[in-house]
Amino acid sequence: MTDEQVLVDQSPPPSAPDPNPNPLIHPRRVSFEHGLLPIQKLAFTDPIQTLAPIKQKLADAASNNRVGSDAIAEALQISGDHARLVLETLGSVLHSEGDPLVRAKPEEVDSVGADLRDLVLFLYVQSYKKLMPRTHKDSAAVADVWPSTSAFDGYLSALSPIQANVRSNPQLEGAVSHLVSPFFDDYGAMVRLMMSSISQLAVLCGFILVSLVFQQSLYFDMLFFPYMLVRSNSRRFMPSQADDEAHQLSYLQKHLANIISLLGEPVEGEGEESLVISMEAFEHLGFLVQFGDKGSDVSPLSQATPFFANSDPDMPAVPVPASQALDWLLQNIASALESITEGISGKENGPSNTSDQDDAMSDACAAPNKVAPSGRGPCLIEGVSKTSLVKQASDLRGRSVKVVNCHDSVIYLLAPLRYATVHGCSDTTIVLGAVGKALRVEHCERVHVIAASKRVCIANCRECVFFLGVNQRPLIVGDNHKLQVAPYNTYYSHLGEHMSEVGLESTINKWDKPLALGAVDPHDSLSHPAGVADAQAESAACVDPDQFVNFLIPNWFSGEDTGSTKDNPFPLPDPYMAAQQRNLKNLDETRRSLRETPLEENRKKELSSALHVYFKDWLYASGNIRQLYCLQGD
């Protein structure tokens, strides 16, 4: 695979697996991956002792068994903003698409509130501790970079991206200062400079041509000599799906008795030990577990049980003893854990498996791209390196996706998605279509993310830029450094349809209202220094309007049915619109100045040849040749 290739994945979507007559129980991973909030007051050390009185307070304030944000703030002693965040996060991971909270408009969320039982389960799992990231087989060769300090801390903060790139080379600093300053400050001086030196003019015009070619597709200030920045070769490994599921099932196995007791009701006239659970309450356990292999298309949880299955829909099912429901669930969890253990054991004792994450990531260049569409769970895009990858709606429609450990690449995922996760990527541009539930970006360095999403969570990232169309406030958690946010800056022909399909509002964009939570995640399994639990995460700065540009998505599929979207569906704020108009005017003036500069024929040829060499060298040295090959399809 050469650097110049663009991977347009036109393979058919994965076929549905054969029905399993004896499906295993699985944890609902989205509740554990997208449903945890690093709010210290929600990190209950003893959930059952803490939640029992809180549940009673919430029940007293509930109306039709639903609890609004005011009651949540009062019962949990948290701010109104955090209570709203609890509702928004719960709504993004609920198992029932018909729940009023899922369907509520933004202005209705506080009043619609959450079902008390869903809220209690959500609060309980805030005690979950994530699985530790796996270490590499050669730990001496591949060190974990997080949360160690960056080599650029204390230096890049004082510089703009262009300054940081150029100042790392004194010769370039002098050349750029000499050539670029006249361009911005004095057009007359620029013309005089053209006439005085062909070689210097070639460098300047190379910069100008780059801006003309890439003005619609790149954040221009970040592109000058990006190869000057040395990227750490460290990798942080996301646990495998099997490891994660086993960890989550073990957590549920340990806590299920407490969870059932919070959902159960005492039998009238008998003691608290005689709890029963109704079919309606049992269904709420679908927030935590599910049967089957089709993600969101699973059947109701009660229909998998021997005691609620085939109940008459016109007659309320008779409640069953809570102990019976508990025993049945524990038996199924034990069977699932046994199956996972056998699978892991078989992999370790059998021949090498190319899907092993450690092997695949030991050398990202050795495995330039791996797209693993599984029948269940998210589509995994892993190890893409120094290339461009395109996946469209026919590959991903209605699914979830994970982009893991991709480097020096451009990745286009132009589809309506439920959930998306970007983990451990660096020096990569990732364009996501329309994410209807939640997007999480974690442990990334120097990544540009362009996304339309209902909600966005950014965790433990460095020097990343996020171009967002987001209906809820972006959430920033953990150890972040030098993040920037900007309004959404692109479109493709089917974007409007995909946004409507997943329920995104183009009239609401809260990209510039990030909410920073704790710098320490109480859900990880790491030890942290004393006294930092209440520290707040570093927030994000807004991209300067003068540095904001549009991103052009090539039209690879022009022969196919095209959509109706012709422009960015999210209106640009006035300062960004004014800056774009000003930049376009400046470009027109520059073009005119170049056209009107008198040059002899032989010197025109000399200039053209020099420009060609400089521009080609720059494209290859910077890696932006990949962008040019992407644009060939347009």
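A quick note: this is a predicted structure, and the numbers were derived from the prediction, not measured.

Counting secondary structure elements, the protein chain contains 20 helices and 21 strands. Relative to its 634 residues, the protein chain shows a buried fraction of 52%. Within the protein chain, counting contacts between residues at least 6 apart in sequence, those at least 24 apart form 62% of the total. When the accessible surface of the protein chain is totalled, it reaches about 28400 Å², and 51% of it is carbon and sulfur.

Time to look at the pairing of strand β15 (residues 448–453). Within β15, six of the six residues are buried, which leaves it mostly tucked inside the rest of the structure. One ladder, built from six bridges, connects strand β14 (residues 429–442) with β15; its direction is parallel. Opposite Ile430, over in β15, you have Val449 as the bridge partner. By the bridge criterion, six bridges tie β15 to strand β17 (residues 465–470) in an arrangement that is parallel. Residue Ala452 lies in a different strand from β17, and its bridge partner there is Gly469.

One can describe the packing of helix α2 (residues 47–61) onto helix α12 (residues 241–263) by two numbers: an axis separation of 11 Å at closest approach and a directional angle of 10 degrees. Taken as axis vectors, α2 and α12 run roughly parallel relative to one another. Counting all contacts with α2, which are made through Ile48, Leu51, Ala52 and Lys55, the residues of α12 involved are Asn258, Ser261 and Leu262. Looking at the contact of α2 with α12 residue by residue, the classes come out as four nonpolar, two polar and one charged.

This paragraph deals with the pattern of salt bridges. Applying the stated criterion across every chain yields a total of 16 salt bridges. A salt bridge links Arg473 to Asp81; the nearest nitrogen and oxygen atoms lie 3.8 Å apart. On the criterion of sequence distance, the pair formed by Arg473 in the loop between β17 and β18 (475–477) and Asp81 in helix α4 (residues 80–93) is long-range, its members being 392 residues apart. Given a relative accessible area of 48%, Asp81 falls into the partly exposed group.

Moving on: the nonpolar core. Note that soluble globular proteins tend to have their nonpolar side chains buried in a common cluster. Counting 80 residues, the largest nonpolar core has Leu58, Ile72, Leu119, Leu123, Phe282 and Phe287 as the members making the most contacts within it. Shared between two domains, this core holds at least three residues of each, these being domain 1 (21–132 + 233–292 + 320–341) and domain 2 (390–547). Here Leu119 is in contact with Leu58, Val67, Ile72, Val86, Leu90 and Ala114, once residues within four sequence places are set aside.

Along any regular strand, the residues point their side chains to alternate faces of the sheet. Of all the six residues making up strand β12 (residues 399–404), six are buried; the element is thus mostly covered by neighbouring parts of the structure. Of the two faces of β12, the one holding Arg399, Val401 and Val403 and the one holding Ser400, Lys402 and Val404 are both buried throughout. Taken together, the four bridges between strand β10 (residues 379–382) and β12 define a ladder with parallel strand orientation. By the bridge assignment for β12, Leu380 is matched with Lys402. Sheet topology places β12 next to strand β13 (residues 410–423); five bridges connect them, and they run parallel. Pairing of Lys402 across the sheet is with Thr421, part of β13.

So, on to the sheet that holds strand β8 (residues 320–321). Spatially, β5-β6-β8 is the arrangement adopted by the three strands of the open sheet, whose pairing is antiparallel. With one partner strand each, in any of the chains shown, β5 (265–266) and β8 form the two edges of the open sheet. In terms of strand pairing, strand β6 (residues 275–277) meets β8 through two bridges, oriented antiparallel. Across the sheet, residue Val276 finds its bridge partner in β8, namely Pro321.

Moving on: the environment of Val102. Its place among the elements puts Val102 in helix α5 (residues 100–103). What makes Val102 buried here is its relative accessible area of 16%. Spatially, the C-alpha atom of Val102 lies 8.8 Å from that of Leu90, the residues being 12 residues apart in sequence. Those residues in contact with Val102 that sit more than four places away from it in its chain are Gly91, Leu94, Ser96, Glu97 and Lys437.

Thresholds, definitions, all that
Residues numbered from 1 in each chain as written. Predicted model: local features only at pLDDT ≥ 70, side-chain atom pairs only at ≥ 80, totals over all residues. Heavy atoms only, no water. Helix = DSSP H or I, 4+ residues; strand = E, 2+ residues; numbered from the N terminus. Buried < 20%, exposed > 50% of the residue type's maximum accessible area, 1.4 Å probe, protein only. Contact = heavy atoms within 4.5 Å. Areas by Shrake-Rupley, 256 points an atom, 1.4 Å probe, with all protein chains shown as cover. Pairing = 2+ DSSP bridges. Axes fitted to C-alpha atoms, helices over the stretch in contact; angles between N-to-C directions. Parallel < 35°, antiparallel > 145°, perpendicular 65-115°, else oblique. Nonpolar A, V, L, I, M, F, W, Y, C, P; charged D, E, K, R; others polar. Salt bridge = Lys/Arg side-chain N within 4 Å of Asp/Glu carboxyl O. Core = buried A, V, L, I, M, F, W, Y, C linked by side-chain atoms within 4.5 Å. Domains from an automatic or database assignment.

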